[in-house]
Amino acid sequence: MLRLLSISNFVIVDHMELEFSAGFTVLTGETGAGKSIMIDALSLTLGERGDSSLIRQGCERAEISALFDTEALPEFCEWLDQHDLQGDSGSCILRRVLDASGRSRALINGHTVTLQQLRTAGDYLVAVHSQHAHQALMQKSAQRELLDAFAGCCELSQAVKTAFQSWQDIQQERVDCEQRLAESLEKREQFEWQKRELSELNLTANEWETLQTDHSRLSNLAGLLEATQSGIELLSENDTAAVSQIGAVKSRLQNLLEYDSQLQTVIDLLDSAQIQVQESIYELRHYRQQLDIDPQYLQEVEQRVTVIHGMARKYRVAPEALPALLDDVSAQLESLDGGGNLTQLAEQEQAALATYRELAGKLSGKRRKAGKTMAKAVTEAMQTIAMVGGKFSVAFEPLEQGNASGLEQVEFQVAAHKGLALKPLARVASGGELSRISLAIQVIASQTGSVPTLVFDEVDVGIGGRVAEIVGQLLKQLGRSRQVMCITHLPQVAAAGDHHLQVTKTEETDSQQIQSRITMLDNDQRVDEIARMLGGVKMTEATRKHAAEMLQNSAAE
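Just so it is clear, the model here is predicted, and its values are computed rather than measured.

Trainee: Tell me about the overall build of the protein chain, and name the residues and values.
Mentor: From N to C terminus, the protein chain includes 18 helices and 15 strands. By the compact-globule yardstick of 24 Å for 557 residues, the protein chain is too spread out, its C-alpha radius of gyration being 50 Å. Overall, the protein chain is about 165 × 65 × 45 Å in size when its C-alpha atoms are taken along their principal axes. By residue count, 42% of the 557 residues in the protein chain fall in the buried class. Across the protein chain, the fraction of contacts at a sequence separation of at least 24, relative to all contacts at a separation of at least 6, is 69%. Accessible surface, the protein chain as shown: approximately 29,800 Å² in total, 49% of it carbon and sulfur.

This is how it looks when you write it as structure tokens:
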């Protein structure tokens with residue numbers, strides 16, 4: 001439970017240290033005195049978000065520390081051990097620091113932690129019920145969470161959520177696998193006919209190069225034959241053939257060689273030229289023989305080139321790239337898988353579904369059992385808060401497939417008075433009735449929870465008279481097993497407290513800043529405070545006497 005709360009430079013508090021005891025503690029004060037400051041400060045140590053606007057004017061930082069007794073919280077101590085956040089044995093200190101720069105630090109037993117870790121620690125230590133809790137209770141999700149807490153199956157509820165998500169993940173993986181398999185089969189069929197078509201073409205890179213050469217040659221066959229024959233004639237066959245002319249010049253120069261030896265160089269060159277020309281003639285004749293081929297070959301080449309060009313256009317690649325495309329298609333065909341082990345995934349999905357249904361079934365059983373207990377307890381409480389004949393029920397609406405929250409929707413239903421039909425809590429017409437029912441639900445639910453400290457922030461709004469007195473006794477009764485704190489405007493609730501804190505607001509003469517103080521009241525001071533709550537600014541002996549009687553009566557109950 002909470003032992004000590006230290007607040008420095010927070011809103012309108014310069015420094016304050018509050019010690020707390022077991023039982024029911026009430027916090028009262030004038031409107032605007034800052035009663036919620038303690039709750040706001042405590043909430044920061046429990047992981048609520050905060051900013052520099054919460055720092056007292058003129059200060060660089062605000063600091064809040066909360067000391068808790070953890071002797072009776074073995075699960076929380078185990079959580080601290082698991083995260084290496086141990087402190088002194090049997091105690092834990094949560095600390096929060098807000099800087100004017102906007103930075104925030106969170107610490108547990110002196111160890112820096114995240115806000116989420118601080119919130120997790122806070123969930124073990126304190127439960128805060130705000131004045132707007134009845135509004136939250138109108139949501140089915142909040143009703144379900146409250147019932148789970150009442151049933152003590154929050155961990156089971158989380159296990160159901162985890163199992164559901166696991167089932168959904170495997171189901172999605174199976175669906176994806178089926179889709180991949182369908183796509184794989186479609187692609188396989190496409191790649192198979194592409195491979196078959198390209199293989200039937202049977203084109204190689206060398207063949208395409210040869211086809212291009214042959215096609216070019218055969219397309220210009222007439223010109224090649226004419227040029228070849230003309231060359232042969234000019235070089236060797238007509239009267240003025242080049243080879244004959246060279247021979248004649250060489251013979252004449254050889255006859256004159258005896259007169260001038262320098263002609264030998266020219267004769268040697270002509271000799272070489274004659275040999276080169278003769279070789280050219282042989283090559284031309286051989287080339288001409290090769291040109292004399294089957295005339296149908298040109299048609300065959302042209303048909304082959306047309307087919308190859310058509311295939312290249314179909315696949316939008318160059319003709320010479322078709323062999324590489326065949327290799328690529330073959331490789332992709334080999335790389336296709338079957339989309340994973342669909343059978344194995346289907347088995348895993350069924351196993352995950354069975355696990356989810358088993359856990360969700362257990363959760364449903366606990367919820368229904370707890371629902372009956374809660375309904376009976378809240379119905380009994382309603383009889384004491386001016387709702388005689390009223391009835392409370394927890395309804396369950398089965399879900400066909402189930403979801404992360406379980407196999408049913410949870411809904412709180414209320415009949416405010418005898419003879420009225422049960423209706424969803426969200427449809428309760430009277431705000432006062434809703435407030436009373438909500439408070440009864442919260443008190444009843446808190447009786448079975450494990451959180452040692454309960455804080456009620458003006459949850460008694462909308463009630464008064466005898467009902468307020470009964471609410472005070474409910475909270476006092478709850479304080480016998482828990483540490484309960486309540487901010488209240490009602491003297492009937494304040495009189496029921498085991499301890500009484502008063503909030504006052506003053507203006508400092510030096511700085512002219514507003515200062516908030518919280519004081520623990522003794523019995524005489526409690527009489528004055530409750531008399532103020534009863535009679536307003538002007539207190540009479542009658543109101544003081546009434547206040548003293550209220551305290552005496554509350555202590556006797």
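Next comes the rest of the write-up.
Trainee: Lay out the packing of aromatic side chains with the relevant residues and their values.
Mentor: Taken as a whole and assessed by the stated rule, the structure comprises seven aromatic pairs. Considering the side-chain rings of Phe76 and Tyr124, the 5.4 Å spacing of their centres and the 45 degrees angle between planes classify their relative orientation as tilted. Within this pair, whereas Phe76 is found in helix α2 (residues 74-82), its partner Tyr124 is found in helix α3 (residues 115-125), the two being separated by 48 residues in sequence. With centroids separated by 5.2 Å and ring planes inclined at 65 degrees, the aromatic side chains of Phe392 and Phe412 adopt a geometry described as edge-to-face. Separated by 20 residues along the polypeptide, Phe392 in strand β9 (residues 391-403) and Phe412 in strand β10 (residues 406-415) bring together distant segments of the chain. Taking the relative accessible area as the measure of exposure, Phe412 reaches 0% and is therefore buried. Members of the aromatic cluster, connected to one another through ring pairs, are Phe76, Trp79 and Tyr124.

Trainee: Describe the sheet that holds strand β5 (residues 91-99), listing the residues and the values that go with them.
Mentor: Across the sheet, which stays open at both edges, the six strands sit in the order β2-β1-β4-β5-β6-β7 with antiparallel pairing between neighbours. In this open sheet, the two strands that pair with only one neighbour each are β2 (13-19) and β7 (111-113). Looking at each pair of strands side by side, their axes are set apart by 15 degrees on average, direction ignored. Across six bridges, the pairing between strand β1 (residues 2-10) and β2 is antiparallel. What sits directly across from Ser8, in β2, is His15.

Trainee: Describe the environment of Gln190, and please don't skip the residues or the numbers.
Mentor: Topologically, Gln190 is positioned in helix α6 (residues 154-201). By relative accessible area, which is 34% here, Gln190 ends up partly exposed. In sequence terms Gln190 and Val329 are 139 residues apart; their C-alpha atoms lie 9.6 Å from each other.

Trainee: How would you explain the side chain of Ser330 if you had to name every residue and give the values?
Mentor: Residue placement: Ser330 occurs in helix α12 (residues 322-335). Here Leu326 takes part through its backbone oxygen, which lies 2.9 Å from a polar atom of the side chain of Ser330.

Trainee: Give me the lowdown on the sheet that holds β9, citing residues and values where you can.
Mentor: Across the sheet, which stays open at both edges, the three strands sit in the order β9-β10-β11 with antiparallel pairing between neighbours. The sheet is open, and its two borders are formed by β9 and β11 (423-424), each paired with just one other strand. By the bridge criterion, two bridges tie β10 to β11 in an arrangement that is antiparallel. Counterpart to Val414 in the pairing with β11 is Lys423. Set on the sheet, helix α13 (residues 342-382) makes contact with β9 and β10; between it and β9 the angle comes to about 165 degrees.

Trainee: Now, about the pairing of strand β13 (residues 483-487): what can you tell me, with residues and values included?
Mentor: Within β13, five of the five residues are buried, leaving the element largely enclosed by the surrounding structure. Residues of β13 alternate between two faces, with Gln483, Met485 and Ile487 on one and Val484 and Cys486 on the opposite face, all of them buried. Note: strand β3 (residues 23-29) against β13, five bridges, orientation parallel. Residue pairing in the sheet places Val26 in a bridge with Cys486 of β13. The pairing of strand β12 (residues 453-457) with β13 spans five bridges and is parallel.

Trainee: I'd like to hear about unusual backbone geometry, residue by residue, with values.
Mentor: At Asn9, a position not held by glycine, the phi torsion is positive, near 55 degrees. If you trace the backbone, Asn9 turns up in strand β1. For Asn9, a relative accessible area of 22% puts it in the partly exposed group.

Trainee: So what's going on with helix α18 (residues 541-556)? Residues and values would help.
Mentor: Taking 1.5 Å per residue as the helical rise, α18 with its 16 residues ought to reach 22 Å, and the 23 Å between its terminal C-alpha atoms agrees with that figure. Inspection of α18 places Thr543, Ala547, Met550, Leu551 and Ser554 among the buried residues, and these make up the whole buried set. All buried residues of α18 fall inside an arc of 95 degrees around its axis, so they share one side. Among the exposed residues of α18, those oriented more than 90 degrees off its buried face are Glu541, Ala542, Lys545, Gln552 and Ala556. Structurally, α18 contributes buried residues whose contacts are with α15 (465-478), α16 (491-495) and α17 (523-535).

Trainee: So what about the nonpolar core? Which residues, and what values?
Mentor: If you look at the biggest cluster of nonpolar residues, it comprises 56 residues, and the most contacted ones within it are Met374, Phe392, Phe412, Leu425, Ile441 and Leu475. With eight residues, the top contributor of residues to this core is helix α14 (residues 431-447). If we skip the residues at most four places from it in the chain, Met374 touches Leu146, Leu147, Phe150, Phe392, Val394, Phe412 and Ala445. Counting 43 residues, the second-largest nonpolar core is a separate cluster that includes Ile7, Leu27, Leu98 and Ala106.

Trainee: Kindly report on the side chain of Lys250, identifying the contributing residues and their values.
Mentor: With respect to the helices, strands and loops of the structure, Lys250 is situated in helix α9 (residues 242-255). Every residue in contact with Lys250, bar those within four places of it in the chain, is listed here: Ile267, Leu270, Asp271 and Gln274.

Trainee: Which residues make up the environment of Tyr282, and what are the values?
Mentor: You can see Tyr282 is positioned in helix α10 (residues 263-291). For the pair Tyr282 and Ile232, spaced 50 residues apart in sequence, the C-alpha to C-alpha distance is 8.8 Å.

Trainee: Break down the packing of α6 against helix α11 (residues 296-315) for me, citing the residues and quoting the values.
Mentor: Relative placement of two packed helices is described by the angle separating their axes and the distance separating the axes. The interhelical angle for the contact between α6 and α11, taken along N-to-C directions, is 155 degrees, at an axis separation of 11 Å. With respect to each other, α6 and α11 are oriented roughly antiparallel. Considering the relative orientation of α6 and α11, their crossing is left-handed. On α11, the residues touching Trp193, Gln194, Glu197, Leu198 and Leu201 of α6 are Arg304, Val307, Ile308, Met311, Lys314 and Tyr315. Its residues assigned to classes, the contact of α6 with α11 shows seven nonpolar, one polar and three charged.

Trainee: Describe the pattern of salt bridges, naming the residues involved and giving the relevant values.
Mentor: Taken as a whole, this structure holds 18 salt bridges when the rule is applied. One connected set of salt bridges, linked through shared partners, spans Glu30, Glu529 and Arg532.

Conventions adopted
Residues numbered from 1 in each chain as written. Predicted model: local features only at pLDDT ≥ 70, side-chain atom pairs only at ≥ 80, totals over all residues. Heavy atoms only, no water. Helix = DSSP H or I, 4+ residues; strand = E, 2+ residues; numbered from the N terminus. Rg over C-alpha atoms; globule rule 2.2 N^0.38 Å. Buried < 20%, exposed > 50% of the residue type's maximum accessible area, 1.4 Å probe, protein only. Contact = heavy atoms within 4.5 Å. Areas by Shrake-Rupley, 256 points an atom, 1.4 Å probe, with all protein chains shown as cover. Phe/Tyr/Trp six-rings, centres within 6.5 Å; stacked < 30°, edge-to-face > 60°. Pairing = 2+ DSSP bridges. Axes fitted to C-alpha atoms, helices over the stretch in contact; angles between N-to-C directions. Polar contact = N/O pair within 3.5 Å; in protein donor to acceptor, adjacent residues only side chain to side chain. Expected span 1.5 Å × (residues − 1). Arc of directions from axis to C-beta. Core = buried A, V, L, I, M, F, W, Y, C linked by side-chain atoms within 4.5 Å. Parallel < 35°, antiparallel > 145°, perpendicular 65-115°, else oblique. Left-handed = near helix turned anticlockwise from the far one by under 90°. Nonpolar A, V, L, I, M, F, W, Y, C, P; charged D, E, K, R; others polar. Salt bridge = Lys/Arg side-chain N within 4 Å of Asp/Glu carboxyl O.

In short, the description is geometric, and any link to function would need to be established separately.
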